[in-house]
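Spelled out from the first residue to the last, the chains are:
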Amino acid sequence: MTAHLSSGTAACPGCIAAPSEPARPIPEDVQIALSLPGIHCSACIATVERELNAHPGVEDARVNLTLKRAMIKAIPETSAADLIPVLERVGFEAHELDPGALSATQTNKAGRDLLMRLAVAGFASMNVMLLSVSVWSGASDATRDMFHWISAAIALPAIAFSAQPFFANAWSALRVRRLNMDVPIVLAILLALVTSLWETALSGEHAYFDAALTLTFFLLAGRYLDYRTRAAARSAAEELTALEVPRAIRVVDGVEEEVAVATLNLGDLILVRPGGRMPVDGQIVSGQSELDRSLLTGETLPVFAETGHSVSAGEVNLTGPLTIRATAVGEDTSLHRMADLVAIAESGRSRYTSLADKAAKLYAPGVHILSALSFVGWFIYSGDLRTALNIAAAVLIITCPCALGLAVPAVTTAASGRLFRKGMLIKHATALERLSEVDTVVFDKTGTLTSGTPELTNLDAHSRGDLEVALALAEASAHPLSAALAKAARAAGVKPADLREITEIPGYGTEGELHGQRVRLGRAAWVGGEQSVATTAWLVIGDNAPVAFEFSDALRQGAFDAVQAFLSAGKEVILISGDSQGAVSAMADKLRIETWTAEALPRDKAQRIQELGNQGHRVLMVGDGLNDTAALAAAHVSISPASALDAARVASDIVLLGNDLSPIAEACDTAVKATRRIRENFQIATVYNVIAVPLAVAGLATPLIAALAMSTSSITVSLNALRLR
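Rules of the game
- Residues numbered from 1 in each chain as written.
- Predicted model: local features only at pLDDT ≥ 70, side-chain atom pairs only at ≥ 80, totals over all residues.
- Heavy atoms only, no water.
- Helix = DSSP H or I, 4+ residues; strand = E, 2+ residues; numbered from the N terminus.
- Buried < 20%, exposed > 50% of the residue type's maximum accessible area, 1.4 Å probe, protein only.
- Contact = heavy atoms within 4.5 Å.
- Areas by Shrake-Rupley, 256 points an atom, 1.4 Å probe, with all protein chains shown as cover.
- Phe/Tyr/Trp six-rings, centres within 6.5 Å; stacked < 30°, edge-to-face > 60°.
- Lys NZ or Arg CZ within 6 Å of the ring centre and 35° of its normal.
- Pairing = 2+ DSSP bridges.
- Axes fitted to C-alpha atoms, helices over the stretch in contact; angles between N-to-C directions.
- Core = buried A, V, L, I, M, F, W, Y, C linked by side-chain atoms within 4.5 Å.

Participant: What should I look at first to understand the overall build of the protein in this one?
Facilitator: Across its full length, the protein holds 26 helices and 26 strands. Within the protein, the proportion of its 725 residues that are buried is 54%. In the protein, once contacts between residues fewer than 6 apart in sequence are set aside, the share between residues at least 24 apart is 71%. Summed over all atoms, the accessible surface of the protein reaches about 30,500 Å², with 56% contributed by carbon and sulfur.

Pasting the structure below:
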């Protein structure tokens, strides 16, 4: 079974040329869900679906590129353990997800619902506008009344359907005795309708059904733009929970039985085969192997494990079968505690108050007071209820927060489009505002600043004969260093030597026989090599002196440029990694980062981010692994590469779609400009109100003129936002 790292990606030539594929429908009766962090394009999708559908027992398999997930319908006898090796053989990392835990994260219908309401409001508005043109052109008496009643017949059901989100939100606020932006919106719509019905019933010259529909249309456009700027929010805590292994092999009196993890108890003996993830925290009672802890700690290389060693839920067993005794199950496991950290961090970040929220807090009470005073003042002055109601409606419509409602989503949509063309996807509504405030940038190392996979650095230092023997031994192992060595040797045109009796010793390496001599490739202590600070695998042939193959973690494209751009901008840059002191120190020196921390656990990363926040810093966290998830959620704003695991991507506010890190620094500049545009839009809306409100209060603007003025301000705000493109 192929070993895998948290940030490993499949080698996919099609990713360069193949276009991105939209989300696809999935079978309703899904039995198995797999996370596929390494897929990038339609070529990846085709390969994964072909391999899965060709496997006996799979009835249907669909891949969702947006969620980087495969949903599989299979016969009951087929399990995820049967399918993961199938994908790993073709180069794709795969992890089992619990479909039950993901039920709450399915794509909702909010976007389609908003779009449908927007379409109804737009269609009705156009039809009522056509009828209004006839009235403006001089239609009078019975003809005018007929057009008004037809407009009412169109407008009332259209608004009843289209404006439901505003009615629901306004009622929710009023029910708990508070005001929000939707309360004046609903009042303006209702007052326009009541005034129009009154005018129509009294055979008045003007009705304002078109104003009410136009108002609804523009406001829905703002809501839909706002929805489009972010993905449907999926909780990172739920995603982490889904990563917990749903089934395990329990050993009772020497008999193996597959059971649900939820039924495991403290002290149970659990068998974890090579390639399997630890379902619980425990202690090894038999067997030896190597553990891939990269998902939890960020350690680049596997760790040797034998009897007596402790293991944590989520770690991957690489080379040999292990029997562990459960020491923590369910909510007490380290993986579940990490999910709790994420949930706490997410709730803290959700308290961020956006510019629009701040404006609404001041705006809504003022609108109500002004409209009420206008109604009372004109009723006392004129004694005409009809006149007072018309002026109150005009004030409400002309001050309706449509421009304010568009101020933020119009800018974030324009900025998101610009960043998307640069390879960045904005997920959260307030991400740009928070990104513009950043003064400190924290990077993870493995899988973020680096590719997360080892590369052989001294191939040329070895003879052809040594390379042939090393290749033969490496191809018999699933160890990441063996895979890197084999890849480099094959690329150099090396052919494997003809070895006999090749066997892998879990936790140590691979050995075989060449012309009667024993040959070994593996750990220094096993082969007889010298311990080194560098990452090495040693080869010994017979009685010859061992030779070392050295490896390094390749720097991700654009990493140096991104770090230097942040330093040049005066931002503090910090490197925090779960990797060893030597590896982190070398990376910090290479990137000229002065502040760094090595061997950091997930809790340590989240606490460090929290400490920086408590000191008044606005922290941008850039990371990709499960060990980064709590820190990503705790940061003021966060970014993950698209190659990151599902849980890390959903915990972050922004996803980097390509492998190049250089757009990150540019995103900060764009965020600053976007925030400036948002403030400009608020200023435009304020100036508009300062000019228009006195006219409405003075009775110089009918509800129809008020609606036209409101539309003009909305269009102005949208045009100002487009300057970002």
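After that view, the rundown keeps rolling.
Participant: Would you explain the packing of aromatic side chains in this entry?
Facilitator: In the structure shown here, the tally under the stated rule is five aromatic pairs. Ring centres 5.2 Å apart and planes at 55° place the aromatic pair Phe304 and Tyr508 in the tilted group. With Phe304 in strand 10 (residues 303-305) and Tyr508 in the loop between strand 17 (500-505) and strand 18 (509-514), this pair connects stretches of sequence that are 204 residues apart. Measuring from ring centre to ring centre gives 6.3 Å for Phe443 and Phe566, while their planes differ by 55°; the resulting arrangement is tilted. In this pair, Phe443 is assigned in strand 15 (residues 440-443) and Phe566 in helix 20 (residues 559-568), connecting sequence segments 123 residues apart. Judged by relative accessible area, which is 0%, Phe443 ranks as buried. The buried category is assigned to Phe566, whose relative accessible area is 2%. Members of the aromatic cluster, connected to one another through ring pairs, are Phe304, Tyr508 and Trp526. Note that Arg117 overlies the ring of Phe161, its terminal NZ or CZ placed 4.7 Å from the centroid.

Participant: It is not clear to me how the sheet that holds strand 15 should be interpreted in this structure. Could you clarify?
Facilitator: Two orientations exist for strands paired in a sheet by backbone hydrogen bonds: parallel and antiparallel. Spatial ordering of the open sheet is given by 14-26-25-24-15-22-23, a layout of seven strands whose pairing is mixed. Each of the sheet's edge strands pairs with one partner strand only, and the pair in question is strand 14 (424-426) and strand 23 (595-597). Taken over all neighbouring pairs, the strand axes of this sheet differ in orientation by 20° on average, direction set aside. Sitting on the sheet, helix 21 (residues 581-591) is in contact with strand 22 (572-576) and strand 23, with an inclination near 160° to strand 23.

Participant: Where do I start with the nonpolar core in this structure?
Facilitator: Nonpolar side chains tend to gather and get buried jointly when the protein is soluble and globular. One finds Ile159, Phe166, Ile189, Phe209, Leu213 and Ile398 to be the most contacted residues of the largest nonpolar core, which totals 46 residues. Within the residue set of this core, elements represented by two or more residues are helix 4 (110-136), helix 5 (141-162), helix 6 (164-175), helix 7 (182-201), helix 8 (209-228), helix 13 (385-398), helix 25 (663-697) and helix 26 (703-721). With nine residues, the top contributor of residues to this core is helix 13. Residues within four places of Phe209 in sequence aside, it is in contact with Val128, His148, Ser151, Ala152, Ala155, Leu193, Ser196, Leu197 and Thr200. Within the second largest apolar cluster, 42 residues are counted, among which are Phe443, Ala598, Leu661 and Ala671.

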